[in-house]
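Secondary and tertiary structure notes
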Amino acid sequence: MMFNQTVVRVRAGEKTDRGGNTVPDWSQPDRLAVIGLNIQPNAPANVASETVDEQRDSVITGYRVQSTEGTSPDIKATDRIEWNGQTFEVDGEVAVWPDLFTDTPHHIEFSMVRATG
């Protein structure tokens, strides 16, 4: 696999709302460049799905992301990902694959999606 792609991980800060609850604050997010990734379209049937109704046409596009062997970038399910001029959301939990012999992280994998429409 080629691990020559870079994304920007965007993570919300936190703020307290009027009810005293801690909520995400996207006004000044933490940004981190993550290098050494392989980004591929999800399985052919799930690359992009389109939904049409009376109000709008929506398209959901998804990609599978894998990090280089021996890396475990700081990416969480609540993060957003900027790549290729677009903003995606991490879809589900980030899987950390352990190394077979050392029990340290071998790599991570996650899905990211973007909905338009």
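Data block above holds the structure.
Below, the structure is looked at part by part. (Residues numbered from 1 in each chain as written. Predicted model: local features only at pLDDT ≥ 70, side-chain atom pairs only at ≥ 80, totals over all residues. Heavy atoms only, no water.)

1. Focus: the pattern of salt bridges
Within the structure shown, the criterion is met by seven salt bridges. Residue Asp-79 pairs with Arg-9 through a salt bridge whose shortest N-O separation is 4.0 Å. One end of the pair, Asp-79, is in the loop between β4 (57-67) and β5 (80-83); the other, Arg-9, is in strand β1 (residues 5-16), with 70 residues separating them in the sequence. We note that Asp-79, like Arg-9, is buried. (Salt bridge = Lys/Arg side-chain N within 4 Å of Asp/Glu carboxyl O. Helix = DSSP H or I, 4+ residues; strand = E, 2+ residues; numbered from the N terminus. Buried < 20%, exposed > 50% of the residue type's maximum accessible area, 1.4 Å probe, protein only.)

2. Topic: the environment of Ser-58
If you trace the backbone, Ser-58 turns up in strand β4. Residue classification places Ser-58 among the buried positions, given a relative accessible area of 14%. Linking Ser-58 and Ala-115, residues 57 residues apart in sequence, is a C-alpha distance of 6.8 Å.

3. Side note on the environment of Gly-36
On the secondary structure map, Gly-36 appears in strand β2 (residues 22-41). Taking C-alpha positions, Gly-36 is 9.6 Å from Pro-73, a pair spaced 37 residues apart along the chain. Setting aside its immediate chain neighbours within four residues, Gly-36 contacts Phe-3, Gln-5, Gln-66, Ser-67 and Thr-68. (Contact = heavy atoms within 4.5 Å.)

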